[in-house]
Amino acid sequence: MKTFKFFLTLSLILFLMNNLSAQKIYNPDADAEKDITEAVAKAKKEGKHVLIQVGGNWCPWCIKMHKFLHSQEEIQKLLNDNYVFLEVNYSKENKNKEVLKKLDYPQRFGFPVMLVLNAKGERIHTQNTGNLEKDKSYDFDRVKSFLYNWRPEALNPENYK
């Protein structure tokens, strides 16, 4: 019985340490409207789109997407060259209901969900990230294709004359 209590206590301590040290990507206190406005202004100045990842620290797939986007060199380059990237919180502390209403309720797709805004701040695409998954992670080719196909140059009509 002592061995069981020891392992139970040790497991609880490890669980708490893991949760306390978990990466906090989303900020429930952030002013999402202000952050989006600033991202749109930056995108306009740099000739990029805005890519918004909506999710929360409570969501394992949201954390996986963040890590995936920032750990794959080719994906990260595509992201940095074409988008101003922003993460918007959705949690019990702050659901950002008004902001998400203006973006046509992307939370209907689950989390994380990606939104592409043009340099005018208009939503041009909402991406259900379930379509980008493979096994217990994200699929490199699908994520790359999504980022490639929604970059500003891909939507330039001059390329299709």
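As a starting point, this report considers the structure included with it.

Overview of the layout of surface pockets
Size it by volume and the largest pocket reaches roughly 180 Å³. Glu33, Ile36, Thr37, Val99, Lys102, Leu103, Asp104, Gly121 and Arg123 are the residues that line the largest pocket. Secondary-structure elements contributing two or more residues to the lining of the largest pocket are helix H2 (32-46) and helix H5 (97-102). Looking at the lining of the largest pocket element by element, the count peaks at 3 residues for H2. Grouping the amino acids of the lining of the largest pocket by side-chain chemistry returns 3 nonpolar, 2 polar and 4 charged.

Considerations on the pattern of salt bridges
Scanning all chains against the criterion turns up 8 salt bridges. Across the pair aspartate 139 and lysine 134 runs a salt bridge, and its minimum N-O distance is 4.0 Å. One salt bridge connects glutamate 158 with lysine 161, and the closest N-O pair in it is separated by 3.1 Å. No difference in accessibility class separates glutamate 158 from lysine 161, as the two residues are exposed.

As for the nonpolar core
The nonpolar side chains of a soluble globular protein tend to be buried with one another. Membership of the largest hydrophobic core comes to 18 residues, with the highest contact counts inside it found for Ile36, Val50, Ile52, Val54, Val88, Leu103 and Leu117. Elements with a minimum of two residues in this core: H2, strand S1 (49-55), strand S2 (83-89), H5 and strand S3 (113-117). Among residues more than four places away in sequence, those in contact with isoleucine 52 are Ile36, Leu86, Val88, Leu103, Val113, Met114, Leu115 and Leu117. Counting 15 residues, the second-largest nonpolar core is a separate cluster that includes Phe68, Met114, Tyr138 and Val143.

Focus: the sheet that holds S2
Read from one edge to the other, the open sheet built from 4 strands follows the order S2-S1-S3-S4, with strand pairing classed as mixed. The two strands at the open ends of the sheet, each matched to only one other strand, are S2 and strand S4 (123-128). Each neighbouring strand pair of the sheet contributes to a mean axis angle of 20°, computed without reference to strand direction. As judged from the 7 bridges shared by S1 and S2, these two strands associate in the parallel manner. By the bridge assignment for S2, valine 54 is matched with valine 88. Across the sheet, H2 is in contact with S1, S2 and S3; its angle to S2 comes to roughly 175°. Against the sheet, helix H3 (residues 60-71) makes contact with S1, S2 and S3, and its axis sits at roughly 145° relative to S1, the strand it touches most.

Focus: the side chain of asparagine 82
Of note, asparagine 82 is situated in helix H4 (residues 73-82). On the basis of relative accessible area, asparagine 82 is assigned to the buried category, the value being 12%. A polar side-chain atom of asparagine 82 sits 2.9 Å from the main-chain carbonyl oxygen of leucine 78. In this view, asparagine 82 contacts Lys48, His49, Arg151 and Pro152; residues no more than four positions away in its chain are not counted.

Some remarks on the side chain of histidine 66
With respect to the helices and strands, the residue histidine 66 is situated in helix H3. Residue classification places histidine 66 among the buried positions, given a relative accessible area of 13%. In terms of polar contacts, histidine 66 uses its side chain to reach the side chain of glutamate 87, at 2.6 Å.

Rules used in this analysis
Residues numbered from 1 in each chain as written. Predicted model: local features only at pLDDT ≥ 70, side-chain atom pairs only at ≥ 80, totals over all residues. Heavy atoms only, no water. 1 Å grid on protein atoms, 1.4 Å probe; cavity = no way out; pocket = protein on both sides within 12 Å on 5 of 7 lines; lining within 4 Å. Points joined across faces, edges and corners; volume = space filled by probe spheres on them. Helix = DSSP H or I, 4+ residues; strand = E, 2+ residues; numbered from the N terminus. Nonpolar A, V, L, I, M, F, W, Y, C, P; charged D, E, K, R; others polar. Salt bridge = Lys/Arg side-chain N within 4 Å of Asp/Glu carboxyl O. Buried < 20%, exposed > 50% of the residue type's maximum accessible area, 1.4 Å probe, protein only. Core = buried A, V, L, I, M, F, W, Y, C linked by side-chain atoms within 4.5 Å. Contact = heavy atoms within 4.5 Å. Pairing = 2+ DSSP bridges. Axes fitted to C-alpha atoms, helices over the stretch in contact; angles between N-to-C directions. Polar contact = N/O pair within 3.5 Å; in protein donor to acceptor, adjacent residues only side chain to side chain.

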